[in-house]
Amino acid sequence: NYTITVLKNIVPFAPKAIYRKVTSTDAVRDGGVYLIVCEGFNEIMGSLDTDNNKQCTSVSATITDLHTYEGEVNVEGKPYEITVSKAKDGSYNLYHAGGKYINASSTSTNLVFENSGKGGWSFSFVKSTGNVKISNTKKDGNYIQRNEDVANKFYKNYGSGQKVVQLYQKVGEISVAKATGGITTFVSNYDYLM
């Protein structure tokens, strides 16, 4: 027989996903899950713009000084994940968690959302900053950026002059039960550096 004494009430936290900034192509992997982040505006690519279905909205989010984001995703008003899958030609498809593949328009800077992936996306990183250029063969010289205008909260496939973006990789999902008496239970389904 054992006696169990409850010292403090434990307040459960809502499960959160954890994303960490990646700075090299080595971290871009087939089947990997990512967020497209604009650290300059402290925003992340959000849901599809339902009015014209050609743009991704920006969602305000707190990016830590350690270049991580922890929070809910894929719900209204929250960031939306991008799944990266390798195409037959070695480039990548980008699958938006809203249910569509992200493709580049050949006639405008809009991103196009379709039921099948066209591939053609590639990733390159600026070593000194960790900024990422996600470019598509349909628009050479263009890459995904966040509109420079504070009010025009969209991600598009621009040539230059907009806010650069960063790529954050999903590294875990956690649930935490925090006790004010100093005892905390931490559960993660991924390796997590604390």
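Here's a quick rundown of the structure. (Residues numbered from 1 in each chain as written. Predicted model: local features only at pLDDT ≥ 70, side-chain atom pairs only at ≥ 80, totals over all residues. Heavy atoms only, no water.)

1. Some words on unusual backbone geometry
So the rule is basically this: Runs of E in the DSSP output that reach at least two residues are strands. Runs of H or I that reach at least four are helices, and both are numbered from the N terminus.
Of note in this structure, Asn-42 is not a glycine but carries a positive phi near 55°. Its location among the elements puts Asn-42 in the loop between strand 3 (33-38) and strand 4 (43-48).

2. Structural notes on the pairing of strand 8 (residues 92-96)
For clarity, the cut-off: A simple rule labels every residue: compare its accessible area, found with a 1.4 Å probe on the protein chains alone, to the largest value its type can have, and call it buried under 20%, exposed over 50%, or partly exposed in between. Strand pairing is assigned whenever DSSP detects at least two bridges linking the two strands.
Buried residues dominate strand 8, accounting for four of its five residues. Two strands pair when backbone bridges link them, and strand 7 (residues 82-86) and strand 8 are joined in this way by five bridges, in the antiparallel orientation. Residue pairing across strands places Ser-85 opposite Asn-93, the latter belonging to strand 8. Judged from the three bridges that link them, strand 8 and strand 9 (residues 100-104) form a sheet pairing that is antiparallel. Note on strand 9: the bridge partner recorded for His-96 is Lys-100. Remark: three residues form the turn of the hairpin made by strand 8 and strand 9, two consecutive strands paired antiparallel; Gly-99 in that turn has positive phi of roughly 110°.

3. Structural notes on the environment of Asp-30
Convention followed: Between two residues, a contact is recorded if the distance between any of their heavy atoms is within 4.5 Å. Pairs of N or O atoms are called polar contacts if they sit within 3.5 Å, as long as, within protein, a hydrogen donor faces a hydrogen acceptor (for residues adjacent in sequence, only side-chain-to-side-chain pairs).
Inspection of the secondary structure assignment puts Asp-30 in the loop between strand 2 (16-22) and strand 3. Considering only alpha carbons, one finds Asp-30 and Thr-83, 53 residues apart in sequence, at a separation of 8.4 Å. Ignoring anything within four residues of it in the chain, the contact list for Asp-30 reads Val-84, Ser-85 and Lys-86. Reaching out from Asp-30, the side chain makes a polar contact with the backbone nitrogen of Lys-86 at a distance of 2.8 Å.

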